[in-house]
Structure formats: structure tokens, C-alpha cells
Amino acid sequence: MLSQENRQICQLFAEMLDYPGSRLRQAAKGCAIQLDNSFHSITEPVRSFADFVNSQSLESLEELYTQTFDVTPATSLYLGYHLFGETPKRSEFLIRLIEAYEAHSFSSGIELADHLGIMLRFLSVSEDAEFTLPLIEECILPTLEKTQKELKKNNSEYALVIGSLLAFLRQVTHKLARTGGAANA
């Protein structure tokens, strides 16, 4: 499945997309460093985001996060909501995610299973290419594309993170598809 480095990058993106806390600045800086090693072409937006978070108070980052992801449905981080709305299909999607998480002894904690941060953390532990590759290609990538467009329209700093994550996952997915998930992508 994913290489150790790419697993770490997924974790760092997840931390950047969590509600802002003490680890946000460190995660943004660490992600820029990790991307610079293997994905140099997508490093600059994350570096710009890291500079942005370093220039803001925690309170202003919390406000931005809430306004961006919690108040604005078009940029919600709950991917099942984007794919299925508040329908029984979203419930079925959540159940499938929970089953996959449990098969990997992975817990989403108190967060819903379709939250992007949780899904990225799952990608960092998953060994099941037959589940993970379609999850990325059919769920995560299309949702990130729509979310990025909305964030760009609103000139949100989070567009930098989502854009880099989108590029990163496209490259990883291309490698996984090419190798059938057998080699470390």
C-alpha cells in the first residue's frame, strides 16, 4: 500500500484539517518538509499555509476553520454528506467505512467515519488496496475537487491545503493503480 513517508504525509494533512489546536503549526511545517522530499511540485502551497498559520492567533484560526468547514455546507469535511446528502445512502456509506476501519483495528474515535481527517488517518494504516483505491478515486478525489473550487471562490487559505492534498492523492493513486497496490506508493 502506501510507503511509510506517504503514510506520514496523510497523517500530517489530517492534522492540518483537524480543528485548530497546538499541533497545527507543527503539522503544516512538517508536511511542507515531507512534501519537499518527494513531491516538490506541491510543496509551495503547504509552505504558504504554514506561513499563514504562523502569522495568526489560535482564536482567528479557530474562527476561520469554523466558518470554512462547519458553517459552510459546500466545504464541509464530511465527505459522505457531499456524496449522498442526508440520505440513507450516507448511512450505508458510514457503515461500510466503520466496517473497514474495524477490519484494520482503526478507530474514528468520537468523529464520524466520513470526516476527511479520519479518512486520511485510515489511509495511513490501510493495507487493503481493493478498498482504499476506490475510496480515494470515487469518494475522496471528486469531493476534494468540488471543495477546492468552493474554497478558491472564497479566497480561503484552506484552498492551499486542499489543493496540495488533491495533487498528492492523485499522484499516490496513480502509483497504486499502476502497481495494483502491491508496491509501496
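Here's a quick rundown of the structure. All values reported here derive from a predicted model rather than from experimental measurement.

As a further point, take helix α3 (residues 43–54). Taking 1.5 Å as the rise per residue, α3 with 12 residues should run 16 Å; its terminal C-alpha atoms sit 17 Å apart, in good agreement. Of all the positions in α3, only Thr-43, Val-46, Phe-49, Ala-50, Phe-52 and Val-53 are classed as buried. In this structure, the buried side of α3 is in contact with α1 (4–16), α2 (24–38), α4 (58–70) and α9 (158–179).

All right, on to the packing of aromatic side chains then. All chains considered together, the criterion is met by 13 aromatic pairs. Relative to Phe-106, the ring of Tyr-101 lies with its centre 5.0 Å away and its plane at 80°, an arrangement referred to as edge-to-face. Taken individually, Tyr-101 and Phe-106 each receive the classification buried, so the pair is uniform in this respect. Plain terms: the ring middles of Phe-122 and Phe-131 are 6.1 Å apart, the flat faces sit at 85° to each other, and that makes the pair edge-to-face. The pair formed by Phe-122 and Phe-131 is uniform in burial state, with each residue classed as buried. Ring-pair connections join several aromatic residues into one group, and the members of that group are Tyr-19, Phe-49, Phe-52, Tyr-65, Phe-69 and Tyr-158.

How each quantity is defined
- Residues numbered from 1 in each chain as written.
- Predicted model: local features only at pLDDT ≥ 70, side-chain atom pairs only at ≥ 80, totals over all residues.
- Heavy atoms only, no water.
- Helix = DSSP H or I, 4+ residues; strand = E, 2+ residues; numbered from the N terminus.
- Expected span 1.5 Å × (residues − 1).
- Buried < 20%, exposed > 50% of the residue type's maximum accessible area, 1.4 Å probe, protein only.
- Contact = heavy atoms within 4.5 Å.
- Phe/Tyr/Trp six-rings, centres within 6.5 Å; stacked < 30°, edge-to-face > 60°.

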